[in-house]
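Listed here are the chains, written in short residue letters.
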Amino acid sequence: MTSAQQPVPARPTSRDVARAAGVSQATVSLVLGGKWPGRVSEATAGRVRDAASDLGYRPNLAARSLRLGRTRTALLVVPALTNEFFARVYAGAAALAAEHDFGVVLYPSPDGTGPARDPFASARAALDGVIASSMAAGALEALHGADLPLVMLDSDPSDTGPAARVNLDIADGMRQVTEHLLGLGHRRFLHLASAVDTWTFAVRADALHGALDAVEDATVRTVRAALDVRAGREAVERALAAAGERPTAIVCDDDILAAGACKAARRLGLRVPDELSVTGFDDLALATALEPELTTVRLPAERVGERGMEALLAVLDGRPAEPGRLPVRLVVRGSTAPPAAGA
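Only a predicted model underlies this, so the values are computations on that prediction, with no experimental measurement involved.

Closest axis-to-axis distance for the helix H7 (residues 170–184)/helix H8 (residues 199–213) pair is 8 Å, and the angle between their directions is 35 degrees. Remark: the crossing between H7 and H8 carries right-handed chirality. On H8, the residues touching Ile170, Ala171, Met174, Arg175, Thr178 and Leu182 of H7 are Thr200, Val203, Arg204, Ala207, Leu208, Ala211 and Leu212. Looking at side-chain class alone, the contact of H7 with H8 contains 9 nonpolar, 2 polar and 2 charged residues.

Looking at the secondary structure, you find aspartate 128 in the loop between strand S2 (103–108) and strand S3 (129–133). Overall, the relative accessible area of 8% leaves aspartate 128 in the buried class. At a separation of 2.5 Å, a polar atom in the side chain of aspartate 128 contacts the main-chain amide nitrogen of arginine 72.

This brings us to the pairing of strand S1 (residues 73–78). In terms of burial, S1 is a largely internal element, 6 of the 6 residues being buried. In S1, alternate side chains face the same way, and those of Thr73, Leu75 and Val77 on one face and Ala74, Leu76 and Val78 on the other are all buried. Pairing analysis gives 6 bridges linking S1 to S2, with the strands arranged parallel. Bridge assignment links alanine 74 to a residue of S2, and that residue is valine 104. When S1 meets S3, the two strands line up parallel, connected through 4 bridges. Paired with leucine 75 across the strands is valine 130, a residue of S3.

Relative to the elements of secondary structure, proline 339 occurs in the segment after strand S11 (329–331). Distance from proline 339 to leucine 181, taken between C-alpha atoms, is 9.4 Å for residues 158 residues apart in sequence. What proline 339 contacts, discounting residues up to four positions off in sequence, is Leu184, Gly185, His186 and Thr248.

A few words on unusual backbone geometry. Here the amide bond leading from valine 272 into proline 273 is cis, since omega sits at 10 degrees, within 30 degrees of zero. Residue proline 292 is reached from glutamate 291 by a cis peptide bond, and omega for that bond is 0 degrees. Along the chain, proline 292 falls in the loop between helix H11 (286–289) and strand S10 (296–298). In this structure, aspartate 282 is a non-glycine residue whose phi angle is positive, near 130 degrees. In this fold, aspartate 282 is placed in the loop between strand S9 (277–279) and H11. Taking the relative accessible area as the measure of exposure, aspartate 282 reaches 8% and is therefore buried. The residue aspartate 283 is not glycine, and still its phi comes out positive at about 65 degrees. Within the element layout of this structure, aspartate 283 appears in the loop between S9 and H11. By relative accessible area, which is 11% here, aspartate 283 ends up buried.

Spatially, S2-S1-S3-S4-S5 is the arrangement adopted by the 5 strands of the open sheet, whose pairing is parallel. The two strands at the open ends of the sheet, each matched to only one other strand, are S2 and strand S5 (164–166). Taking each pair of neighbouring strands and ignoring which way they run, the sheet shows an average axis angle of 20 degrees. Packed on one face of the sheet, helix H5 (residues 84–99) meets S1, S2, S3 and strand S4 (150–153) and runs near 160 degrees to S2. Strands S1, S2, S3, S4 and S5 of the sheet are contacted by helix H12 (residues 301–316), whose axis makes an angle of about 165 degrees with S5.

So, how was this worked out
- Note on numbering: residues in each chain are counted from 1, in written sequence order.
- Totals for whole chains, interfaces and linings use every residue, but because this is a predicted model, local features are given only for residues with pLDDT of at least 70 and side-chain atom pairs only at 80 or more, for both listing and counting.
- To obtain the side-chain values, all non-hydrogen atoms of the structure were included, while hydrogens and water were left out.
- The convention used is that axes are lines fitted to C-alpha atoms, helices contributing only their stretch in contact, and that angles between N-to-C directions extend from 0 to 180 degrees.
- Going along the chain from the N terminus, every DSSP run of H or I of four or more residues is numbered as a helix, and every run of E of two or more is numbered as a strand.
- By the definition used in this description, the sense in which the near helix is turned from the far one sets the handedness, with an anticlockwise turn below a right angle giving left-handed and a clockwise turn giving right-handed.
- Throughout, a residue-residue contact means that at least one pair of heavy atoms, one from each residue, lies within 4.5 Å.
- Under this grouping Gly is polar, as are all residues other than the nonpolar Ala, Val, Leu, Ile, Met, Phe, Trp, Tyr, Cys and Pro and the charged Asp, Glu, Lys and Arg.
- Buried, partly exposed and exposed residues are distinguished by accessible area as a fraction of the type maximum, computed with a 1.4 Å probe on protein chains only: under 20%, between the cut-offs, and over 50%, respectively.
- A 3.5 Å cut-off defines polar contacts: any pair of N or O atoms within that distance qualifies, except that in protein one atom must be a possible hydrogen donor and the other a possible acceptor, and neighbouring residues in sequence count only when both atoms are side-chain atoms.
- The criterion for strand pairing is that DSSP finds at least two bridges linking the strands in question.

This is the structure we're talking about:
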């Protein structure tokens, strides 16, 4: 004998929430859509949220998308999935997006830091906007032609293309590095610069040279390398083998290059930091895997992603995005020390 099949409970509707909270469906829509401030009291908004939670109500996003003409999907374009920094940017953007019932599609530029091809040329209707992170010059050509709001992360403020941008205070980070090393007594510097032609790396170089230009007896030489450990090591080996006085500090554009600099020093028999100080930029997990641990600049990658998503939501709602640069912080570890006596 089979038991009678239990009826499936009906999915709660906004009408059910309105009835439970003692408000109209329009009020439910305002509160759960995040548009209630200034229009609905805090107490009423609280009752609506409590009723929705008690009933297990979730908005019908498909219906809402048809009604608003939106898909609630953002595209995040990053240079590489293998870089921890961009993975953290994605995590921040996705977490904030989820709070607003948005999804984030991750798209790595096929050529790494080179121009990004438009992956949705035939499906732009599937997206509400684009967030693009730290791209090389010219990488936005495909996206600028799209009829979509564009939010840029860590990009040139003079570019008028994006609808909004979120920048880190990169220049201040490099100034913190330089002041730290000058305070230790260093005057001969090697700048291990990224070979990638982007605004963010140009800002690092300008800030470093600007800070050292103000110190009469300070000198700096620049060498460039691709963003990988081997390229950084080879560039530093060549620089340290060159004629002339050896630098006492190497300032690297990121932690990966700094790892290469540390390997070069070790191969040449130079002790870090006793004979050569090394600094990085980003504060990746790699920074504490090195021995000695790396003095570097901590960038709030997750917050960058969050602010990027916040900016896109503001643009879509017709509001101004939050202005200002995100602060960065020097983290002093074991790879920097005063120069050796007589150096």
